[in-house]
Amino acid sequence: MRIRSTTILAVRRKGQTAIAGDGQVSIENTIFKNTASKLRKMQDDTIIAGYAGGAADAMALYERLEGKLKEFGGNLQRAVVELAKDWRTDRALRRLEALMIAADKDQMFLVSGTGDIITPDGDVIAIGSGGGYAQAAAQALMEHTDLSAQEIAEKAVHIAAGICVYTNDNISVEILE
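What comes next concerns the included structure. (Residues numbered from 1 in each chain as written. Predicted model: local features only at pLDDT ≥ 70, side-chain atom pairs only at ≥ 80, totals over all residues. Heavy atoms only, no water.)

**Some details on the overall build of the protein chain**
Stated precisely, the cut-off is as follows: Secondary structure follows DSSP: runs of H or I at least 4 residues long count as helices, runs of E at least 2 residues long count as strands, and numbering of each begins at the N terminus. Using C-alpha atoms as the atom set, the radius of gyration is obtained and then compared with a globule rule of 2.2 Å times the number of residues to the power 0.38. Contacts are residue-level and defined by heavy atoms, with any inter-residue pair within 4.5 Å sufficient. Surface exposure here means Shrake-Rupley accessible area, sampled with a 1.4 Å probe, where a residue is shielded only by the protein chains that are shown. His residues and chain termini do not enter the charge count, which takes Lys and Arg as positive and Asp and Glu as negative. All charge positions are set by atom: Lys at NZ, Arg at CZ, Asp at CG, Glu at CD.
Counting secondary structure elements, the protein chain contains 4 helices and 12 strands. By the compact-globule yardstick of 16 Å for 177 residues, the protein chain fits well, its C-alpha radius of gyration being 15 Å. Viewed in the frame of its principal axes, the protein chain has a C-alpha envelope of about 40 × 40 × 25 Å. A sequence separation of at least 24 residues applies to 61% of the contacts in the protein chain between residues at least 6 apart. Working note: accessible area of the protein chain is about 8700 Å², and carbon and sulfur atoms make up 45% of it. The average position of the 20 basic charges and that of the 24 acidic charges among the side chains of the protein chain differ by 5 Å.

**As for the packing of helix 3 (residues 131-144) against helix 4 (residues 149-161)**
Heads up, the condition is: For every element, the axis is a line fit to its C-alpha atoms; helices are fit only across the contacting stretch, and the angle between N-to-C directions ranges from 0 to 180 degrees. The scheme is simple: roughly parallel for angles under 35 degrees, roughly antiparallel for over 145, roughly perpendicular for 65 to 115, oblique for anything else. By convention, the crossing between two helices is left-handed when the near helix turns anticlockwise from the far helix through less than a right angle, and right-handed when the turn is clockwise.
Between helix 3 and helix 4, the least distance of the axes is 8 Å, while the angle of their chain directions is 135 degrees. As the angle between them shows, helix 3 and helix 4 are arranged oblique. Helix-helix and strand crossings are classified by hand; for helix 3 and helix 4 the assignment is right-handed. Contact residues: Tyr133, Ala134, Ala137, Ala138, Leu141 and Met142 in helix 3; Ile152, Lys155, Ala156, Val157, Ile159 and Ala160 in helix 4.

Dropping the structure here:
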C-alpha cells in the first residue's frame, strides 16, 4: 500500500513567511480524507512546520523537533541538524516515512530521514506529491507579481491541486510576520 498525502509549500517574501498545505490523504487511488491538517506552529508561534508522508510518522517528528527547539533555545538551524542526526541514526526514527519543512521568519529547511537538510537557494521550497507543481507556480508568482507570501503560497498550492491528483484545494496556511 502506497500512501500519498500532500503538497506543502513554504514561501518567504517581504518579511512574511508562509507555509501552505492541502488537506487530502489518499491510499492508492482512493481519497480517505479531505481536511487533514499538516501544518503546526511551534516555539511560541515563531516556527512553522509542515510534513509530507505518514501522519503518525509526522507527529513523532513534530514532537522530536519541538524537543530539539526547546533543548537549543529556539535555534531552528541547530534543532533541525540535531533532528536529522537522530532521524538517521535512531533505529525507530529511521523507519519513519516523511519529509518535513520547518521555517522561521529568516530560514527555511527541508529535513529528511536520510540525513538531508536542504535550504533553498531562493525563498521557495516544497515537498510532497504536488510539491514540484506548487514550487514552480510559486516561483513564477514571485517573479511576476507583487503578491504577499501568504497569497503566493495559497495560489500555488491551488494550482498544484488542479494538476496533482493527490492534492486538493482544501488549503490551510500558517504565517509568520
